[in-house]
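This is what each chain is made of:
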Amino acid sequence: MSSVQSSIENRPPSVAHSFLNRVKATPEREAYRYPDLSARTDTDTDTEPEQWCSLTWAQTAQRVTAVAAGLMALGIRSEDRVAIASATRVEWILADLGTLCAGAATTTVYPSTNADETAFILADSGSRVLFAEDAVQLAKAVRAKDRSPGLTHVVVFDAPGDDSAAAAAGLTVLTLAELEERGRRHLEENPDAVERAVAAIDRDGLATLVYTSGTTGRPKGVRLSHDGLAYQGPAQAEGVRMGPDDVQYLWLPLAHVFGKTLISGQVHTGHVMAVDGRVERIVHNLPVIRPTLMAAVPRIFEKVYNGIAGRARADGGVKYRIFLWAAEVARAYARTTEANRVATGRAVAPLSLRLRHALADRLVHARIRAAFGGRLSRTVSGSAALAPEIAHFFAGVGVPVLEGYGLTETTGPVTVNREHGQRTGTVGTALPGCDIRIADDGEVLLRGPGVMHGYHHLPDRTSEALDADGWFRTGDIGELDGDGFLRITDRKKDLFKTSGGKYIAPSEIEAGFKAICPFVSNVLVIGAGRNYCTALITLDEALLMPWAARHGLSDRPYADVVATPEVRHLVDGFVQRLNGDLQRWQTIKKFTLLPRDLDVEHGELTPSLKVRRPVVERTYAAEVDEMYRGTRES
């Protein structure tokens, strides 16, 4: 048996067990870094450096056990639900680990979730305690109280100010420090309370309820077991080659399963996790943290690439031509070395390409790596497809993006591309212990330790998703090659047929457009039952407006700029370039530029930034109809 197999098969029963084991093994090693937000003043700008703090594993354990004991003092027992509504920050992790070490189950709530949906999640989960980031989240709890009679306490991370409304609603409000103090008093009388609670955890017991943000209807609560979360530790260590000397930058939302399961991997290996969920600080934080490992969603890699290209374009002249040349060299080098590795086992390139790559590295690539902190040896992308052109670019500049695949219902990652064996355009091969099968209709079926135990309070939906043999129906369409690499082609429900009988996978077309148009933010391909395809397109304001200023449009607001003939001509050039690579029935015949970007607030994006297609199509139904007006539908 290999060490990887042994580590997975002999995994602890829960992340709580893994955490206590980690503390015993490396108590004085650094566990977490986080910005000291209390030191910021109103006059500080986003570009100013910040003070970072640190916790060792022993210091983390002191706080986590105090949180766990504090929850016990509030009456929390095995599998009781404790919700967290907060952005990504170190307190989120302390609350989560504290909840697990109390034997309870974490319910995750995006801080951007509106009051009505927050109330639904708190009520449906039966959460008894809520960790709330600030007064905004506390106010949602107050509004939810009538529907959640079991909710009795709210623990706030930031001072809430006036909490009289919470008191009037029957909620007791504590600060995190006050909860920890209650926990320390509880431990004085019951010194082994946390150890006993962890020892009593059932491997198959409920560890977490993650509510899928969904593209339609109410979110579903996915019941994830302690074993599934514990499995992610050694599985991630093998899949991404994580080790104790890594420094990982965590900014992903912890309410999403992708972000939350990264904690399992970090606890297993014991490496440093730098935690800061402020997306606007990513560029500033990277040179400070100097991570060796980072996970992200494709939208971030798209924005980073477009930002790099936009700055080069703004420089103009020779600098821009050098960037375009270096970018193409990076892609060529990545494509060539990958193809040769697959064919011969050796990632080599011809001498002429190696020389061009070395020159491009000195002129451009090295500066891009420095912007990432200079030590980022691999990144992981999940949640949606990454355009191959963007993946090849980053691989060629020395920041390889390892695409993986998983769902909330599988406790996150099930497959991933390995660092020295990736195949761009695929999501890699199965993690140890996971099985993949393709159904007759092309649907991807998954089985493994992380597969959910079901949807909370939804037995019919559970039986639809899980068969008697434990296979989970993902709803994704995919292909497996002879070497076990999985390629996801689209969501089953997103595939559509034109009136001419041709099937269209919109995500492939959308990814292709994002790869060639540096100004795009979101694109939605439409054509179900129609005789040709159209698209709704939004542009990235931060990248478009500098271009507009250079073309005499600086005196206009964004909504007016996108309506100009100049911008339409600009985007049309990219659409025609895209069409040149598509089959005739896939081509975009017409497009509409929307006056604003899609967003979470209007319900057009999920909190994990996936497009809610039905919502967008309803919102812009008139614009869609206009693109088909005067045509004969056959």
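Now for a quick tour of the structure. Remember, predicted model here, so these are calculated numbers, not experimental data.

## Some words on the overall build of the chain
For the chain, the helix and strand inventory stands at 23 helices and 26 strands. Whereas a compact globule of 634 residues would reach a radius of gyration of roughly 26 Å, the chain reaches 25 Å, a difference of no more than 12%. The principal-axis extent of the C-alpha atoms belonging to the chain is close to 75 × 60 × 55 Å. Total accessible area computed for the chain in this model is approximately 26000 Å², and 51% of it derives from carbon and sulfur atoms. If the 73 positive side-chain charges of the chain are averaged to one point and the 78 negative ones to another, these points end up 5 Å apart.

## Considering helix H5 (residues 115-125)
Most of H5 sits inside the fold, with eight of its eleven residues counted as buried. Turning to H5, its buried residues are Ala 115, Thr 118, Ala 119, Phe 120, Ile 121, Leu 122, Asp 124 and Ser 125. Buried-residue contacts for H5 involve strand E3 (81-85), strand E4 (105-109), strand E5 (129-132), helix H6 (135-144) and strand E8 (206-211). Where H5 begins, one side-chain oxygen reaches toward the backbone nitrogen of Asp 116, 3.3 Å away; that side chain belongs to Asn 114.

## So, a nonpolar patch on the surface
Taken together, Trp 325, Leu 359 and Leu 363 make up a surface patch of nonpolar side chains, about 230 Å² in accessible area. Checked against the element boundaries, Trp 325 lands in helix H14 (residues 317-344). A relative accessible area of 31% places Trp 325 in the partly exposed class.

## Thoughts on the pattern of salt bridges
Applying the stated criterion to the full structure yields 41 salt bridges. For Arg 89, the salt bridge goes to Asp 158, with nearest N and O atoms at 2.9 Å. Taken together, the residues span a long stretch of sequence, with Arg 89 in the loop between E3 and helix H4 (90-101) and Asp 158 in the loop between strand E6 (153-156) and helix H7 (164-168) at a distance of 69 residues. The exposure class assigned to Arg 89 is buried, which follows from its relative accessible area of 11%. For Asp 158, a relative accessible area of 31% corresponds to the partly exposed category. One salt bridge connects Arg 299 with Asp 540, and the closest N-O pair in it is separated by 3.9 Å. Of this pair, Arg 299 sits in helix H13 (residues 298-315) while Asp 540 sits in the loop between strand E25 (533-539) and helix H19 (541-550), and the two are 241 residues apart along the sequence. Asp 540 carries the same exposure label as Arg 299, and that label is buried. If you follow the salt bridges from partner to partner, you end up with Arg 299, Glu 302, Lys 303, Lys 514 and Asp 540 in one network.

## Observations concerning the environment of Thr 410
Examined against the element boundaries, Thr 410 turns out to sit in the loop between strand E14 (401-407) and strand E15 (412-416). C-alpha separation for the pair Thr 410 and Val 257, spaced 153 residues apart in sequence, amounts to 9.1 Å. With residues up to four places along the chain from it excluded, the contact list for Thr 410 reads Gln 232, Leu 446, Gly 450, Val 451 and Phe 472. One polar contact links the side chain of Thr 410 to the main-chain carbonyl oxygen of Gly 412, over a distance of 2.8 Å.

## Section: the state of the cysteines
The full count for this structure, using the stated rule, is zero disulfides. Between Cys 533, a cysteine without a disulfide, and Cys 517, which holds the nearest cysteine sulfur, the sulfur-to-sulfur distance is 18 Å.

## Quick look at the packing of helix H10 (residues 226-239) against helix H11 (residues 257-269)
Look at H10 against H11: their axes get within 7 Å of each other, and the N-to-C directions meet at 65 degrees. Between H10 and H11, the interaxial angle falls into the category roughly perpendicular. For the crossing formed where H10 meets H11, the hand is right-handed. Across the interface between the two elements, Leu 229, Gln 232, Gly 233, Pro 234, Gln 236 and Ala 237 from H10 touch Lys 260, Thr 261, Leu 262, Ser 264, Gly 265, His 268 and Thr 269 from H11. Its residues assigned to classes, the contact of H10 with H11 shows four nonpolar, eight polar and one charged.

## So, the nonpolar core
Core analysis: the largest hydrophobic core is formed by 124 residues, its most contacted members being Phe 19, Tyr 32, Phe 131, Phe 323, Phe 393 and Phe 394. When near neighbours in sequence (up to four residues on either side) are disregarded, Phe 393 contacts Tyr 305, Phe 323, Ala 327, Ala 330, Arg 331 and Ile 368. Counting residues in hydrophobic clusters, the runner-up holds 32 residues, among them Cys 517, Cys 533, Leu 543 and Ala 548.

## Comments concerning the sheet that holds E8
As summarised here, the arrangement of the eight strands in space is E7-E6-E5-E3-E4-E8-E9-E19, forming an open sheet in which the pairing is mixed. A single partner strand is all that each edge strand has here, and the edge strands are strand E7 (172-175) and strand E19 (454-455). Where E6 meets E7, four bridges bridge the pair, whose relative direction is parallel. Bridge assignment links Val 155 to a residue of E7, and that residue is Leu 174. Helix-sheet contacts for H4 involve E3, E4, E5 and E8, and the interaxial angle to E4 is about 150 degrees.

About the criteria used
- Residues numbered from 1 in each chain as written.
- Predicted model: local features only at pLDDT ≥ 70, side-chain atom pairs only at ≥ 80, totals over all residues.
- Heavy atoms only, no water.
- Helix = DSSP H or I, 4+ residues; strand = E, 2+ residues; numbered from the N terminus.
- Rg over C-alpha atoms; globule rule 2.2 N^0.38 Å.
- Areas by Shrake-Rupley, 256 points an atom, 1.4 Å probe, with all protein chains shown as cover.
- Lys, Arg positive; Asp, Glu negative; His and termini not counted.
- Charge placed at Lys NZ, Arg CZ, Asp CG, Glu CD.
- Buried < 20%, exposed > 50% of the residue type's maximum accessible area, 1.4 Å probe, protein only.
- Contact = heavy atoms within 4.5 Å.
- Polar contact = N/O pair within 3.5 Å; in protein donor to acceptor, adjacent residues only side chain to side chain.
- Patch = residues over 30% accessible without salt bridge, like charges linked within 9 Å, V, L, I, M, F, W, Y side chains within 5 Å.
- Salt bridge = Lys/Arg side-chain N within 4 Å of Asp/Glu carboxyl O.
- Disulfide = S-S within 2.5 Å.
- Axes fitted to C-alpha atoms, helices over the stretch in contact; angles between N-to-C directions.
- Parallel < 35°, antiparallel > 145°, perpendicular 65-115°, else oblique.
- Left-handed = near helix turned anticlockwise from the far one by under 90°.
- Nonpolar A, V, L, I, M, F, W, Y, C, P; charged D, E, K, R; others polar.
- Core = buried A, V, L, I, M, F, W, Y, C linked by side-chain atoms within 4.5 Å.
- Pairing = 2+ DSSP bridges.

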